[in-house]
Amino acid sequence: MQNDPRHDPYRQIAYAAAHADEFSAAIAGADIVPLLMSYVQLTGDTSLLDEAAPHIKGAWNYMQTIPTTLQNRIRAALVQAVLDFAERPRELPAEPAAGDFKKMIDVAVGETVPPEYVQVFREEMLIAGRDARTFSWRKRPAETTLAAFKVMIVGAGFSGLAMAVRLQEAGIPYVIVEKNAEVGGTWLENNYPDCGVDTPCHFFSYSFEPNPDWTRYFAKRDEILGYILHCAKKYDVRRHIRFQEEVTAAEYQADGTWAVRTRRADGTEANETVNVLVTAVGALNRPAIPRIPGLKDFKGPWFHTAQWDSKVPIKGRNVAMIGTGASGMQTGPAIAPQVGKLTIFQRSPHWAMKHPLYHQEVSTGARWAMRNVPYYASWYRLTLFWAASEAFHWTLKIDPAWPHPKRSLNAMNEKWREDLTAYIMSKVGHRKDLLPKVIPDYPPFGKRMLRDNNWYDMLLRDNVELVAAHVERVEADAVVADGKRYPADVIVLATGFQTKRMLSPMHIVGAAGRSIRELWGDEDPRAHRGVTVPGFPNFYVIYGPNTNLAHGGSAIFQTECQVNYIMKALREQLESGWDAVEVRQEAFQQFNDRVDGMLANMVWTHPGVTNWYKNSAGRIALNWPGRLVDYRDVTAEFDPAEYHLTRTPQSDTRAVARKVSSGAP
Ligand code: NAP
């Protein structure tokens with residue numbers, strides 16, 4: 001990952017200079033703010049920055065009004081600077097001077113960001129093609145120690161692959177056990193019509209593997225899966241993956257190892273011993289199939305969005321879709337033009353916002369710039385980091401003095417409500433029958449905010465009916481809601497995932513013979529820093545409790561934070577020769593108290609809101625309450641004082657090593 005030639009500014013300069021006409025033409029269609037930052041970083045000249053600053057009002061690319069004449073000067077200056085560097089090659093500064101860097105960030109996002117962002121942006125941006133998160137040993141263990149050690153990762157989705165990449169970098173042996181026949185996890189499994197991401201994908205990608213070729217700002221499933229396949233190949237992870245094998249159980253052993261049981265697709269089972277178990281199974285992995293009476297007796301096909309059956313014809317048929325979350329928002333508008341009738345059953349409406357870039361393709365100029373203009377892609381990613389999360393995180397906090405606590409949280413949240421309502425009115429305001437069904441009564445952001453995928457336009461179609469009523473039962477050929485029968489040939493369940501029964505159905509048993517289910521129950525998972533669990537030594541969870549981002553941001557950022565933390569824990573273990581690393585109860589408790597305290601005034605706890613983050617006791621078990629930069633801080637370092645670090649009494653390292661390498665239970 002270090003010094004990847006694709007992001008090497010020297011290579012980019014040479015290429016751009018050698019293709020000067022192409023360069024000028026391409027940047028005419030690229031975003032002006034990252035171009036400006038490229039120029040400033042290349043030259044150290046901040047004069048144009050000062051001129052442009054008053055015209056940049058926010059971090060999305062449509063929030064700038066830089067006059068055309070100034071834009072032309074910026075583009076010309078950049079071309080000149082690149083040509084000049086190519087003509088008189090010299091050393092580029094590794095990154096902008098400290099004061100300039102902060103100033104550039106502030107200008108790029110259109111506001112003054114707190115100083116703690118400088119470090120996180122340095123890590124995120126691949127400044128000068130350098131991966132700031134590259135793993136390094138303090139004192140590299142002997143090769144024999146490394147060779148005798150083994151990590152098992154469960155799952156080859158985004159998280160499992162990120163973990164694998166870093167383990168590989170460190171030279172730590174690992175295996176990935178993946179239940180599917182291919183990598184990709186949720187992005188492999190979810191293949192419903194129009195499935196895609198609603199996080200801008202130049203940010204929803206690994207920091208160490210920017211993709212200059214995204215064709216859309218919000219990519220669809222096939223392109224995302226293509227990116228994951230590319231990463232698995234490029235980082236040579238595939239040979240470590242055992243496909244079509246599922247971890248069914250894992251039990252911690254007194255010698256510090258895990259005895260893992262797996263089941264292959266052909267039904268055969270195997271046992272294996274590893275030193276460390278890392279689960280990377282995601283939270284959106286096991287479909288939630290609602291217990292609707294009669295569903296099993298429905299005579300037509302029915303399936304969950306995550307198990308879309310493309311062999312089932314839907315053209316001209318009566319399709320009933322239950323659920324109106326992110327998956328339904330994408331599926332419904334995609335299938336409505338094909339089906340005979342689409343009846344949508346909505347339990348509670350979601351807020352959905354229009355995003356100017358949601359349906360847009362990335363221009364060829366911008367793609368050229370991502371690939372060939374030094375620093376452009378990094379600065380573009382940085383603006384997204386801000387725009388898609390940190391810029392508005394503060395607006396999700398409940399103001400105790402706010403006089404309208406039922407409908408909004410604070411003045412800014414009320415403004416969101418007004419704007420979103422006006423948008424809905426602009427779409428369906430003339431349909432008095434629809435309006436009361438589609439305007440939520442809870443504050444914006446209480447459930448995950450959706451991007452309008454032509455949902456409201458879809459509702460206006462003659463062949464679409466929105467039923468805002470409780471689904472009572474399913475009959476052989478119909479769905480019954482509030483006493484009325486709605487004929488159906490096919491039922492689509494867009495009903496989400498079993499998010500709170502985390503790590504289910506794996507049976508994971510810790511040090512004292514206690515299972516993770518006994519500890520967490522069905523809906524109250526907790527972990528230290530979202531990653532480690534007392535009583536479960538040498539065990540790490542990625543996308544664990546209280547790590548989900550519900551307001552925005554990128555799940556991949558969170559994953560990279562967790563991987564970084566786990567790598568530092570492994571470094572401590574391997575450099576010091578510990579057999580067992582187990583979080584202390586007090587540290588775990590303190591962290592969870594802090595998280596619960598932070599959550600107490602966040603929008604998801606609002607009593608009027610139901611969402612997939614909250615358990616029946618009202619506790620938010622899934623979400624990280626803070627900003628992304630806060631989670632980065634929580635996971636930046638591994639503090640040995642928070643852990644029991646032990647050598648087991650029977651610590652004959654060679655015996656354990658033999659056991660691990662033979663795979664004996
Ligand atoms: P979801 O947000 O949990 O939505 C499930 C929907 O099913 C909700 O409308 C829910 O109603 C409804 N529902 C559940 N059980 C029901 C029942 N028994 N009767 C009637 N309605 C029922 O699930 P999702 O749409 O699959 O999305 C889950 C998460 O996946 C998202 O929040 C997002 O993080 C991710 N995702 C992202 C994208 C994207 O990036 N575009 C796409 C898909 C998924 P209530 O709201 O009333 O509970």
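Computed from a predicted structure; not experimentally measured.

A. Inspection of the overall build of the protein at higher detail. A count of helical and extended segments in the protein gives 22 helices and 21 strands. For the protein, the C-alpha radius of gyration of 26 Å lies close to 26 Å, the compact-globule estimate for 665 residues. Taking the principal axes of the C-alpha coordinates as reference, the protein spans close to 75 × 75 × 55 Å. Buried residues in the protein amount to 59% of all 665 residues. Taking all contacts inside the protein whose residues are at least 6 apart in sequence as the whole, residues at least 24 apart take part in 74%. About 25,600 Å² of surface is accessible on the protein, with carbon and sulfur atoms providing 52% of the total.

B. Up close: the site of the ligand. Near the ligand lie 23 residues; those nearest to it are Ala326, Ser327, Gln330, Ser348 and Lys447. Interatomic distance of 2.9 Å between a backbone N/O atom of Thr324 and an oxygen atom of the ligand. Within the side chain of Arg347, an N or O atom sits 2.9 Å from an oxygen atom of the ligand. The protein chains hide 86% of the 900 Å² of surface that the ligand would expose on its own. Per element, the largest residue contribution to the shell around the ligand is three residues, and it comes from helix H12 (residues 326-335). Its residues assigned to classes, the shell around the ligand comprises nine nonpolar, ten polar and four charged.

C. Spotlight on the environment of Val660. Here Val660 shows up in helix H22 (residues 653-662). A sequence separation of 498 residues divides Val660 from Ala162, and the C-alpha atoms of the two residues are 23 Å apart. Apart from residues no more than four positions distant in its own chain, Val660 is found in contact with Ala148, Lys150, Thr257, Thr273, Val274 and Asn275.

D. Geometry of the pairing of strand E17 (residues 490-493). Alternating positions in E17 separate into two faces, Val490 and Val492 on one and Ile491 and Leu493 on the other, with burial throughout. By the bridge criterion, three bridges tie strand E8 (residues 302-304) to E17 in an arrangement that is parallel. What sits directly across from Trp302, in E17, is Ile491. Both strand E9 (residues 318-322) and E17 contribute to a ladder of four bridges, which runs parallel. The residue bridging Ala320 from the neighbouring strand is Ile491, located in E17.

E. Representation of the side chain of Arg571 in the model. Secondary-structure assignment places Arg571 in helix H19 (residues 555-576). Once residues lying within four places of it in the same chain are set aside, the contact partners of Arg571 are Phe135, Ser136, Trp137, Arg138 and Ser576.

F. Spatial organisation of the nonpolar core. By size, the foremost hydrophobic cluster in this structure holds 206 residues, and its most contacted members are Ile172 and Leu570. In terms of residues, this core owes the most to one element, H19, which gives ten residues. Dropping the residues within four chain positions of it, Leu570 is found in contact with Phe149, Val151, Met163, Leu167, Ile172, Val276 and Tyr540.

G. Main features of helix H2 (residues 20-28). For H2, the complete set of buried residues consists of Phe23, Ala26 and Ile27. Seen end-on, H2 carries its buried residues on one side only, within an arc spanning 90°. Opposite the packed face of H2, turned more than 90 degrees from it, sit the exposed residues Asp21, Ala25 and Ala28. Against helix H1 (9-18), helix H3 (32-43), helix H5 (68-87) and helix H13 (364-372) lie the buried residues of H2.

H. Seen up close, the domain arrangement of the protein. Under the domain assignment, the protein is made up of domain 1 (5-133 + 364-390), domain 2 (149-286 + 499-583 + 627-653) and domain 3 (295-351 + 407-441 + 444-493). In this structure, domain 1 and domain 2 have C-alpha centres spaced 34 Å apart. Each partner contributes residues to the interface: domain 1 has 25 residues there, and domain 2 has 27 residues. Interface area for domain 1 against domain 2, summed over the two sides, is near 2,400 Å², with a carbon-plus-sulfur share of 54%. Counting the surface domain 1 buries against domain 2, the share from its top three residues, Arg133, Arg367 and Arg381, is 26%. For the pair domain 1 and domain 2, the interface holds five salt bridges. With a closest N to O distance of 3.0 Å, Arg166 and Asp131 form a salt bridge. Of all the secondary structure elements, the ones that give two or more residues to the side of domain 1 that touches domain 2 are helix H7 (117-124), H13 and helix H14 (376-387). If one sorts the elements of the side of domain 1 that touches domain 2 by residue count, H7 sits on top with five residues.

I. The arrangement of the packing of helix H6 (residues 98-109) against H14 in detail. Direction vectors running N to C along H6 and H14 enclose 65°, while the axes themselves pass 10 Å from each other. For the crossing formed where H6 meets H14, the hand is right-handed. On H14, the residues touching Phe101, Met104, Ile105, Ala108 and Val109 of H6 are Trp379, Leu382, Thr383 and Trp386.

J. Seen up close, the sheet that holds strand E6 (residues 269-274). With mixed pairing, four strands are arranged side by side in an open sheet as E6-E5-E4-E18. Every interior strand has two partners, whereas the edge strands, E6 and strand E18 (507-509), have only one. Looking at each pair of strands side by side, their axes are set apart by 25° on average, direction ignored. Pairing between strand E4 (residues 245-252) and strand E5 (residues 258-264): seven bridges, direction antiparallel. The partner of Glu246 across the bridge, within E5, is Arg263.

Parameters and conventions
- Residues numbered from 1 in each chain as written.
- Predicted model: local features only at pLDDT ≥ 70, side-chain atom pairs only at ≥ 80, totals over all residues.
- Heavy atoms only, no water.
- Helix = DSSP H or I, 4+ residues; strand = E, 2+ residues; numbered from the N terminus.
- Rg over C-alpha atoms; globule rule 2.2 N^0.38 Å.
- Buried < 20%, exposed > 50% of the residue type's maximum accessible area, 1.4 Å probe, protein only.
- Contact = heavy atoms within 4.5 Å.
- Areas by Shrake-Rupley, 256 points an atom, 1.4 Å probe, with all protein chains shown as cover.
- Near = heavy atom within 4 Å.
- Polar contact = N/O pair within 3.5 Å; in protein donor to acceptor, adjacent residues only side chain to side chain.
- Nonpolar A, V, L, I, M, F, W, Y, C, P; charged D, E, K, R; others polar.
- Pairing = 2+ DSSP bridges.
- Core = buried A, V, L, I, M, F, W, Y, C linked by side-chain atoms within 4.5 Å.
- Arc of directions from axis to C-beta.
- Domains from an automatic or database assignment.
- Buried area = accessible area lost by both parts, 1.4 Å probe.
- Salt bridge = Lys/Arg side-chain N within 4 Å of Asp/Glu carboxyl O.
- Axes fitted to C-alpha atoms, helices over the stretch in contact; angles between N-to-C directions.
- Left-handed = near helix turned anticlockwise from the far one by under 90°.

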